[in-house]
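Each chain is listed here by its residues.
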Amino acid sequence: MASDSTLPLTPRKWLQLLAKGERKRLLGSALCGVLAGSQTIVVVVGLAWLVDQVVVHHHSPMTLMPMFALLVGSVLLRALFQWGHETLSLEASLRIRQRARGELLDKLSALGPVWLTSQHSGSLANQVVEHIDVLEGYFSRFYPQLRITLCLPLLILVVAGWLDYLVAVFLLLSAPLIPLFMALVGMGAERLNRDQFVAVSRLSAHFIDRVRGMTTLQLFGRTAKAQQDVWHATDEYRRLSMRTLRLAFLSSAVLEFFASVAIAVVAMYVGFGLLGYIEYGPSSSLTLFSGLAVLLLAPEFFQPLRTLSQHYHDRAAALGAAESVVDILNQPAMINEPGSKPSEAGSSAIELIDTCVSYPGRGQVLGPINLVIQSGDVVALSGASGSGKSTLLALLAGFIQASSGTCRQLPNEHCAWLDQHPCLLHGSLADNLRLAAPEASHDEMEAALVRAGFGSLLKQLPAGLNTMIGERGVGLSGGQAQRLALARVYLSNASLVLLDEPTASLDLETEQFVISALLELAQEGRTLVIATHHPAVIGAAQRHFAFESGSLVEVVS
């Protein structure tokens, strides 16, 4: 959504856009709330009339059965409207959160792996889950209640004015005190909620870092210090949470005080008016019916305002959560937006024409590059560290987009990525292989492992493909992890294979095997682009390109 406008998205604007998509349900919820409140008015006024008829006019309760039936019907209607109010608001909130979470995930996909590697996964997971779920209170409670508060007190004010206009004046003068105090409290609550969300995101990232580094911490005997650091971080979050709760309780108490004082003023006016001590305006015509009715209506007049004040912290929490989400949505996309198609190359697999890559805040980091790679080529990229090899691979993989120039690839071309530190998840060997081919059978996975040189080890494992490994390949050596990743390349059937230092940290025997396996891929017609420093890999390639003084030149041997 941020890309649809030249202006950066703000938390309030984002919440408004989300509400716009479910406007009918939210307005329907507010309408049901107003109708439920109108039935409360009927019940209150009807009850006052019944008391007046029995006490003052000495009517038999049996003669008042039609009014009793009307009150029972109003109570049932009120329950029905209240059910509609809650059902519509919860359904709208659920749909909005699903849309917001999908929007955030689409944006993370558009930012690409290069941007994601610079972020804490724990913090991102917290934003996708917790920060989006916080919006539930805003859309299911505060948003409809705000519309109810704008309508229902006016309706009660009209009825109270019809019965006694002085009571309507009292209520009208006292009502602005509550919204004014809510605004003052909201300023502090919004800031506290923002600090609280920042703290919980930092705590999530801190905890994930300590869990991932548990082995290293144990080796160096630093587990006690790590435990103490986590305790200090959680204690800071506890103190922020208690500050937010203190503010919520204090504001609720003050708001209840203002409402109670206003209701007490109405009660004093009705009491003195009925006793004859007040003769100003309509007080001389006060009856048990009108006095009791306005006295019962006074709490109902303040009830929507008090309910809104209770949910005002949902608004502050939503704005605090939305701020961190909007920061991500405002990030410039690093890869093509969903639905866009890359330019199609001609007869070549890849064509780069005056292609440049820029990063936000760093300027141009690569280019201009001119490069043509034919299908089936085995291309080696060399150069000093930081010269742009990994950036060029990320560009070819679609992890980032070119800032200028042209990048063309064959249509419907899929690529496979093999890193020097392959991404292996906690799970079985089969789970890791199915990342590349979810529908692969056991026979296909075993054949891929055999081709990758993992067959001898597979035969020694009692559980076979169901053997569990840890995150990042814990339980496997570096060469075994590399061969498992190579088996995924075989399963993927990708026509373009991109490799970033695939033989780094491998012994000579494993390096030779990996090179032979990669050349087999080339014989199948696949295109290989390898970033490497190793002479053996460069020697096995058909073409060699080197980064020299910021330019990419082909080295002819």
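What you see is a predicted model, and the numbers here were worked out from it, not measured in a lab.

Caption draft 1: Focus on the overall build of the chain. The secondary structure content of the chain amounts to 17 helices and 12 strands. Looking at the 557 residues of the chain, the share that counts as buried comes to 47%. Carbon together with sulfur atoms contributes 60% to the accessible area of the chain, which is approximately 28000 Å² in total.

Caption draft 2: A look at a nonpolar patch on the surface. A cluster of nonpolar side chains, namely Y165, V169, L173 and Y280, defines an oily patch on the protein surface of about 470 Å² accessible area. Among the secondary structure elements, Y165 is positioned in helix 6 (residues 165-174).

Caption draft 3: Quick look at the sheet that holds strand 11 (residues 543-548). In space, the six strands of this open sheet follow the order 6-9-10-4-11-12, with mixed pairing throughout. The two strands at the open ends of the sheet, each matched to only one other strand, are strand 6 (415-419) and strand 12 (551-555). Along the sheet, successive strands turn relative to each other by an average axial angle of 20°, direction set aside. When strand 11 meets strand 12, the two strands line up antiparallel, connected through five bridges. Looking at the pairing, F547 lines up with L552 of strand 12. Packed on one face of the sheet, helix 15 (residues 478-492) meets strand 6 and strand 9 (496-500) and runs near 175° to strand 6. Where helix 16 (residues 508-523) meets the sheet, it contacts strand 4 (378-382), strand 9 and strand 10 (527-531), and its direction lies at approximately 145° from that of strand 10.

Caption draft 4: Looking closely at the pattern of salt bridges. Evaluation of the coordinates by the stated rule reveals nine salt bridges. Among the ionic pairs, R101 bridges to D133, the shortest N-O distance being 2.9 Å. Linking R101 in helix 3 (residues 65-116) with D133 in helix 4 (residues 121-133), this pair joins segments that are 32 residues apart in sequence. The class for R101 is partly exposed, based on a relative accessible area of 23%. Close ionic contact of R526 with E524 constitutes a salt bridge, the shortest N to O distance being 3.3 Å. According to the relative accessible area criterion, R526 is buried, its value standing at 7%.

Caption draft 5: Structural detail: the environment of I369. When you line up the elements, I369 lands in strand 3 (residues 363-373). On a C-alpha basis, the gap between I369 and L352 in space is 6.4 Å, while along the polypeptide they are 17 residues apart. Setting aside residues up to four positions removed in sequence, I369 forms contacts with L352, I353, D354, T355, F547 and L552.

Caption draft 6: Highlighting the environment of A293. Within the secondary structure, A293 sits in helix 10 (residues 288-329). Exposure remark for A293: the relative accessible area of 0% places this residue in the buried category. With 246 residues separating them along the chain, A293 and L47 place their C-alpha atoms 8.0 Å apart. With residues near it in sequence (within four places) discarded, A293 still touches V44, A48 and L163.

Parameters at a glance
- Residues numbered from 1 in each chain as written.
- Predicted model: local features only at pLDDT ≥ 70, side-chain atom pairs only at ≥ 80, totals over all residues.
- Heavy atoms only, no water.
- Helix = DSSP H or I, 4+ residues; strand = E, 2+ residues; numbered from the N terminus.
- Buried < 20%, exposed > 50% of the residue type's maximum accessible area, 1.4 Å probe, protein only.
- Areas by Shrake-Rupley, 256 points an atom, 1.4 Å probe, with all protein chains shown as cover.
- Patch = residues over 30% accessible without salt bridge, like charges linked within 9 Å, V, L, I, M, F, W, Y side chains within 5 Å.
- Salt bridge = Lys/Arg side-chain N within 4 Å of Asp/Glu carboxyl O.
- Pairing = 2+ DSSP bridges.
- Axes fitted to C-alpha atoms, helices over the stretch in contact; angles between N-to-C directions.
- Contact = heavy atoms within 4.5 Å.

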